[in-house]
Amino acid sequence: MGKVYERIDGRIRTFIEEQPVFFTATAPLAGDGHVNVSPKGRAGTLVVIDELTLAYLDFGGSGAETLAHVRENGRITLMWCAFSGPPKVLRVHGEGEVVLRDDPRWSEYIAHFAKEAATGQGARAIIVVRARRVSDACGFAVPFMDYREERTMHADHFNRQSDEEFNAYCTRKEHVAQSLDGLPALPLPLPARTD
């Protein structure tokens, strides 16, 4: 049965750090706005900073809904599922903050991530999540699935680009500067990294 936890430590932290994929959920304040759910992966791109704080790298992609929603209202939920081992679904409901590449705190946060992820090209922002509620559920309906390996296409693609090429890529995408609902998302052109 489900349980609420005071903090992210011990077996909860271990569970988070062992999962190869997690999901983010955000929504705008407008009742008719688009709710967004995104899968996140890539080894070394999610870190537990302390007992109530996590952070993950936000990379280039087709849109920036999470960034826009977090910038507007801060609401975010992270979810992990056990696709192997004992069944579990873990959620962290939190208050998110977008740390952009020119933020003075960028260097402090980027230092927490795996070197390959932190030094590679393609990171647009860091999403910092302060947990308000940490809870699990049974996960009895989550299927068993075998993890094979990381996909390298995303990292390979962006690591071949210069900063100028990455900026051009972000600028070409329709829903990077603004969300589907017209909320400000990623400032363009991208600011230079401070690290």
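All chains use their own residue numbering, which begins from 1 and follows the written sequence. A pLDDT threshold of at least 70 governs which residues receive local features in this predicted model, and a stricter bar of 80 or more applies before side-chain atom pairs are shown or counted, although totals over entire chains, interfaces and linings include all residues. Values shown for side chains rest on all heavy atoms present in the structure; no hydrogens or waters enter the calculation.

## Quick notes on the pairing of strand 3 (residues 36-40)
One face of the sheet, then the other: side chains in a regular strand alternate in exactly this way. The two faces of strand 3 differ: N36, S38 and K40 on one face are buried, but V37 and P39 on the other face are not. Any two strands are treated as partners once DSSP identifies two or more bridges connecting them. A run of H or I in DSSP becomes a helix once it reaches four residues, and a run of E becomes a strand once it reaches two; helices and strands are each numbered from the N terminus. Pairing of strand 2 (residues 22-26) with strand 3, which is carried by five bridges, proceeds in the antiparallel orientation. In the sheet register, F22 faces strand 3, and the bridge partner there is K40. With a 1.4 Å probe rolled over the protein chains alone, any residue whose accessible area is under 20% of its type maximum counts as buried; one over 50% counts as exposed, and the rest are partly exposed.

## Brief notes about the state of the cysteines
Two cysteine sulfur atoms make up a disulfide if the distance between them is within 2.5 Å. A complete count under the given rule lists zero disulfides for this structure. C138 carries a free sulfur, and the closest cysteine sulfur to it, the one in C81, is 11 Å from it. By relative accessible area, C138 is classed as partly exposed at 31%.

## Some details on the pairing of strand 4 (residues 46-50)
As judged from the four bridges shared by strand 4 and strand 5 (residues 53-59), these two strands associate in the antiparallel manner. When the sheet's bridge partners are listed, V48 is paired in strand 5 with L54. A loop of two residues connects strand 4 with strand 5, the two strands running antiparallel in sequence.

## Here we look at the layout of surface pockets
Of the two site types, the cavity is a set of points on a 1 Å grid over the protein atoms alone where a 1.4 Å probe fits but cannot get out, and the pocket is an open set with protein on both sides within 12 Å along at least five of seven lines, each lined by residues with an atom within 4 Å of a point. Grid points are joined across faces, edges and corners, and a volume is the space filled by probe spheres set on the points. If you add up the space inside the largest pocket, you get close to 960 Å³. Lining the largest pocket are 33 residues; nearest its centre among them are P39, K40, G41, R42 and H154. Secondary-structure elements contributing two or more residues to the lining of the largest pocket are strand 3, strand 5, helix 2 (65-73) and helix 5 (153-159). Its volume calculated, the second largest pocket comes out at about 370 Å³. Here the lining of the second largest pocket is built from residues that sort into nine nonpolar, two polar and three charged. The nonpolar class holds Ala, Val, Leu, Ile, Met, Phe, Trp, Tyr, Cys and Pro. Asp, Glu, Lys and Arg form the charged class, and all remaining residues, Gly among them, are polar.

## As for helix 6 (residues 163-172)
Buried within helix 6 we find F166, N167, Y169 and C170. Buried positions in helix 6, seen along its axis, are confined to an arc of 160° and lie on one side of it. Of the exposed residues in helix 6, the ones pointing more than 90 degrees away from its buried face are E164 and R172. Every residue pair with non-hydrogen atoms within 4.5 Å of one another is taken to be in contact. Packed against the buried residues of helix 6 are strand 8 (123-137) and helix 5. The arc in question is the one spanned by the directions pointing from the helix axis to the C-beta atoms.

## Some remarks on the pattern of salt bridges
Between Lys or Arg on one side and Asp or Glu on the other, a salt bridge is scored when a side-chain nitrogen of the former is within 4 Å of a carboxyl oxygen of the latter. Within this structure, the stated rule accounts for nine salt bridges. The salt bridge partner of D136 is K88, with a shortest N-O separation of 2.9 Å. Taken together, the residues D136 in strand 8 and K88 in the loop between strand 6 (75-81) and strand 7 (89-100) connect sequence positions 48 residues apart. Assessed through its relative accessible area of 11%, D136 is described here as buried. K88 gets classed as buried once you look at its relative accessible area, which sits at 14%. R105 is the salt-bridge partner of D103, the closest N and O atoms lying 2.8 Å from each other. Within this structure, E97, D103, R105 and R130 form a network of salt bridges that share partners.

## Some thoughts on the nonpolar core
Grouping buried Ala, Val, Leu, Ile, Met, Phe, Trp, Tyr and Cys residues that are joined through side-chain atoms within 4.5 Å yields what is termed a nonpolar core. If you look at the biggest cluster of nonpolar residues, it comprises 35 residues, and the most contacted ones within it are I8, I16, L54, L78, W80, V92 and V134. Counting only elements with at least two residues in this core, the list comes to helix 1 (10-18), strand 5, helix 2, strand 6, strand 7, strand 8 and helix 6. Here this core takes five residues from strand 8, the largest share from any one element. Excluding residues within four positions of it along the chain, V92 makes contact with I8, L54, I76, T77, L78, W80, V129, A131, R133 and V134.

## A closer look at the side chain of R193
Positionally, R193 belongs in the segment after helix 6. Any pair of nitrogen or oxygen atoms within 3.5 Å is treated as a polar contact; in protein, a donor-acceptor pairing is required on top of that, and neighbouring residues in sequence qualify only through side-chain atoms on both sides. From its side chain, R193 meets the backbone oxygen of A118 in a polar contact 2.5 Å long. Polar side-chain contacts of R193 include one of 3.4 Å to the backbone oxygen of G120. In contact with R193, other than residues within four places in its own chain, are R101, W106, I110, A118, G120 and A123.

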